[in-house]
Amino acid sequence: MKKYLLITAGIIFSLQVLAQSGLKEGAIAPGFSAKDNAGKTIDLKTLLKSHKAVVLFFYRGEWCPYCNKQISQLQDSLQLLTGKGAYVIGVTPETGENIKQTVNKTHASFSIIQDHDYRIMKAYDVNYTVNDETLS
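Just so you know, these numbers come straight off a predicted model, no measurement behind them. (Residues numbered from 1 in each chain as written. Predicted model: local features only at pLDDT ≥ 70, side-chain atom pairs only at ≥ 80, totals over all residues. Heavy atoms only, no water.)

Draft legend 1. Broad picture of helix 4 (residues 96-106). Those residues of helix 4 that sit buried are Ile99, Thr102 and Thr106. One side of helix 4 holds all its buried residues, which, seen down the axis, span an arc of 55 degrees. Relative to its buried face, helix 4 has exposed residues pointing more than 90 degrees away, namely Lys100 and Asn104. If you follow the buried residues of helix 4, they end up packed against helix 2 (65-76), strand 6 (86-92) and strand 7 (111-114). Two residues or fewer after helix 4 comes His107, characterised by a positive phi angle close to 60 degrees. (Buried < 20%, exposed > 50% of the residue type's maximum accessible area, 1.4 Å probe, protein only. Helix = DSSP H or I, 4+ residues; strand = E, 2+ residues; numbered from the N terminus. Arc of directions from axis to C-beta. Contact = heavy atoms within 4.5 Å.)

Draft legend 2. Region of the structure containing the pattern of salt bridges. With the rule as written, the count across this model stands at 1 salt bridge. A salt bridge links Glu62 to Lys105; the nearest nitrogen and oxygen atoms lie 2.6 Å apart. Here the residue Glu62 occupies a position in the loop between strand 5 (53-58) and helix 2, and Lys105 occupies one in helix 4, the gap between them amounting to 43 residues. Of the residues examined, Lys105 reaches a relative accessible area of 47% and is grouped as partly exposed. (Salt bridge = Lys/Arg side-chain N within 4 Å of Asp/Glu carboxyl O.)

Draft legend 3. Main features of the environment of Lys35. Mapped onto the elements, Lys35 comes out in strand 3 (residues 33-35). With a relative accessible area of 52%, Lys35 lands in the exposed category. Every residue in contact with Lys35, bar those within four places of it in the chain, is listed here: Lys40, Thr41, Ile113 and Gln114. At 3.0 Å, the side chain of Lys35 forms a polar contact with the side chain of Thr41. (Polar contact = N/O pair within 3.5 Å; in protein donor to acceptor, adjacent residues only side chain to side chain.)

Draft legend 4. Structural detail: the side chain of Glu94. Note that Glu94 resides in the loop between strand 6 and helix 4. No salt bridge is formed by the buried Glu94; its nearest oppositely charged neighbour, Lys105, is found at 7.8 Å. A distance of 2.8 Å separates a polar atom in the side chain of Glu94 from a polar atom in the side chain of Tyr59. Within the structure, the side chain of Glu94 is placed 2.8 Å from the side chain of Thr102, a separation counted as a polar contact. Excluding its chain neighbours within four sequence positions, the residues that come into contact with Glu94 are Tyr59, Gly61, Glu62, Ile99, Thr102 and Gln114. (Lys, Arg positive; Asp, Glu negative; His and termini not counted.)

Draft legend 5. Here's a closer look at the confidence of the model for the protein chain. Overall, the predicted model of the protein chain reaches an average pLDDT of 85, with 79% of residues at or above 70. In the predicted structure, residues 8-19 sits below a pLDDT of 50 and forms 27 contacts with residues beyond four places in sequence or in another chain. (pLDDT = per-residue confidence, 0-100.)

Listed below in structure tokens is the structure:
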């Protein structure tokens, strides 16, 4: 049976946030291993062996209302996704404390990984930069 990795990127509505292009269709998903918000080691290769699919999504932070809406909708669909054999993982550059705020706002019960050095996001070509004007 073929294994699938589904990737979504958080919706970016601001023209001042510059995003990369993401993986090309048919590209092999880069592997990674990291601790999630519950302290569990998340290893993509292992998950793809034990689940039919992995839903991997990236979000900017708890301050982003669009990201929070997407996470809430994923949480609402979590039972359906896991019932189909999928494992859901969120990846964010935000701190562990802010991940806790995201969980409080969205009631997310799936794994969320802090990508503090953008290692995972860069591997998937979805890291973003905020220009100086936006920071001011």
